[in-house]
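Listed here are the chains, written in short residue letters.
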Amino acid sequence: EPEVTQTPSHQVTQMGQEVILRCVPISNHLYFYWYRQILGQKVEFLVSFYNNEISEKSEIFDDQFSVERPDGSNFTLKIRSTKLEDSAMYFCASIRTGGSNTEAFFGQGTRLTVV
Amino acid sequence: QKEVEQDPGPLSVPEGAIVSLNCTYSNSAFQYFMWYRQYSRKGPELLMYTYSSGNKEDGRFTAQVDKSSKYISLFIRDSQPSDSATYLCAMSGTGGFKTIFGAGTRLFVKA
């Protein structure tokens with residue numbers, strides 16, 4: 001089965017530092033998403049990315065966040081100046097739309113801990 | 001009223017039972033409905049992706065959507081211990097995955 005790979009699996013960072021979370025999506029997929037899940041809370045949509053640009057973003061995705069696909073394979077989420085409340089699991093998803101044959105694969109997640 | 005409501009459980013059933021998981025929602029603009037399974041410390045796994053009202057079956061899983069009641073269900077037949085996980089409903093107003101998730105229902109299937 002296709003696999004989405006996320007690195008690192010766990011990142012500990014000091015408040016105010018920049019972090020980059022990495023994802024390798026599935027090669028023939030065109031839509032990429034980031035979600036987060038704060039411990040004990042719901043999964044929340046952050047941003048979607050298509051054709052090398054952001055297609056939709058949530059209110060959470062403010063100026064501290066950015067995404068890019070620098071080399072055509074990796075898909076990254078950058079948090080410029082981390083806050084304690086950014087501590088969460090961050091999931092990357094790779095999507096292929098196709099009506100009832102739509103596929104969505106999530107990575108295993110990166111656990112971000114801001115101290 | 002929350003946009004998507006899902007009973008967090010836990011729900012405990014014996015092996016072989018039929019499991020019924022449900023979500024209600026308030027936003028009538030939702031057109032696409034999904035069910036995910038999430039094992040502990042893993043990413044969500046898309047089980048079912050449906051559009052508008054009706055039923056969809058895939059193996060032991062059946063998803064039902066009743067838009068008139070704003071109610072969706074996932075049925076699991078012949079439940080197995082390996083089905084023990086958290087089940088998340090999610091929905092969106094477009095075909096994309098800018099989704100609103102439910103809180104998830106923890107399911108335990110006892111051997």
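The following refers to the structure shown.

**Digging into the sheet that holds strand β1 (residues 5-7) of chain A**
All names here are of chain A.
Move 1: The strand order across the open sheet built from 4 strands is β1-β3-β8-β7, with neighbouring strands paired in antiparallel fashion. One side of each edge strand has no neighbouring strand; the edge strands of this open sheet are β1 and β7 (65-68). With direction set aside, neighbouring strand axes in the sheet form an average angle of 15 degrees.
Move 2: Of the strand pairs in this sheet, β7 and strand β8 (residues 75-79) are connected by 4 bridges, and their pairing is antiparallel. When the sheet's bridge partners are listed, Val-67 is paired in β8 with Leu-77.

**Quick word on the pattern of salt bridges**
Residues and elements named next belong to chain B.
Move 1: Under the definition given, this model contains 6 salt bridges over all chains.
Move 2: Note that Arg-37 is salt-bridged to Asp-83, the shortest N-O span being 4.0 Å. Of this pair, Arg-37 sits in strand β4 (residues 32-38) while Asp-83 is found in the loop between β8 (71-76) and β9 (85-92), placing the two residues 46 residues apart along the sequence. For the pair Arg-37 and Asp-83, a shared accessibility class is recorded, and that class is buried.
Move 3: Of the charged contacts, one joins Glu-57 and Arg-77 as a salt bridge, the two residues approaching to 3.5 Å between their closest N and O atoms. Of the two residues, Glu-57 sits in strand β6 (residues 54-58) while Arg-77 sits in the loop between β8 and β9, which places them 20 residues apart along the sequence.
Move 4: The partly exposed category is assigned to Arg-77, whose relative accessible area is 29%.

**Section: the packing of aromatic side chains**
Move 1: Applying the stated rule across the entire model yields 18 aromatic pairs over all chains.
Move 2: Seen in terms of ring centroids, A:Tyr35 and B:Phe101 are 5.7 Å apart; in terms of plane orientation they differ by 90 degrees. Their pairing is edge-to-face. Of this pair, A:Tyr35 sits in strand β4 (residues 31-37) while B:Phe101 is found in strand β10 (residues 100-101), placing the two residues in two different chains.
Move 3: Overall, the relative accessible area of 0% leaves A:Tyr35 in the buried class.
Move 4: We classify B:Phe101 as buried; its relative accessible area is 1%.
Move 5: A network of ring pairs unites the aromatic residues A:Tyr33, A:Tyr35, A:Phe45, A:Phe106, B:Tyr32, B:Tyr36, B:Tyr49, B:Tyr51, B:Phe97 and B:Phe101 as a single cluster.

**Some points on the sheet that holds β6(B)**
Residue and element names in this part refer to chain B.
Move 1: Across the sheet, 5 strands lie side by side as β1-β3-β8-β7-β6; this open sheet has antiparallel pairing. Here the strands that pair on one side only, and so sit at the sheet edges, are β1 (4-5) and β6.
Move 2: Pairing geometry for β6 and strand β7 (residues 61-66), over 5 bridges, is antiparallel. Pairing of Asp-58 across the sheet is with Phe-61, part of β7.

**A few points about the interface of chain B and chain A**
Move 1: Each partner contributes to the interface: chain B provides 18 residues, whereas chain A provides 19 residues.
Move 2: Across the chain B to chain A interface the summed buried area is about 1,600 Å²; carbon plus sulfur atoms make up 57%.
Move 3: Area buried by chain B at its contact with chain A is led by B:Phe97, B:Lys98 and B:Phe101, which between them contribute 36% of it.
Move 4: At the boundary of chain B and chain A, one finds 4 residue pairs in polar contact (both at pLDDT 80 or more).
Move 5: Put simply, the parts of the chain that give the side of chain B that touches chain A at least two residues each are β4 and β5 (45-51) of chain B.
Move 6: Taken together, the residues of the side of chain B that touches chain A sort by class into 9 nonpolar, 5 polar and 4 charged.

**Considerations on the side chain of B:Asp83**
All names here are of chain B.
Move 1: Judged by relative accessible area, Asp-83 falls into the buried class, the value being 1%.
Move 2: Within polar-contact distance, the side chain of Asp-83 engages the side chain of Arg-60 at 2.9 Å.
Move 3: Setting aside residues up to four positions removed in sequence, Asp-83 forms contacts with Arg-37, Arg-60, Phe-61, Ile-76, Asp-78, Leu-107 and Val-109.

The rules behind the values
Residues numbered from 1 in each chain as written. Chains lettered and ligands numbered in written order. Predicted model: local features only at pLDDT ≥ 70, side-chain atom pairs only at ≥ 80, totals over all residues. Heavy atoms only, no water. Pairing = 2+ DSSP bridges. Helix = DSSP H or I, 4+ residues; strand = E, 2+ residues; numbered from the N terminus. Axes fitted to C-alpha atoms, helices over the stretch in contact; angles between N-to-C directions. Salt bridge = Lys/Arg side-chain N within 4 Å of Asp/Glu carboxyl O. Buried < 20%, exposed > 50% of the residue type's maximum accessible area, 1.4 Å probe, protein only. Phe/Tyr/Trp six-rings, centres within 6.5 Å; stacked < 30°, edge-to-face > 60°. Contact = heavy atoms within 4.5 Å. Buried area = accessible area lost by both parts, 1.4 Å probe. Polar contact = N/O pair within 3.5 Å; in protein donor to acceptor, adjacent residues only side chain to side chain. Nonpolar A, V, L, I, M, F, W, Y, C, P; charged D, E, K, R; others polar.

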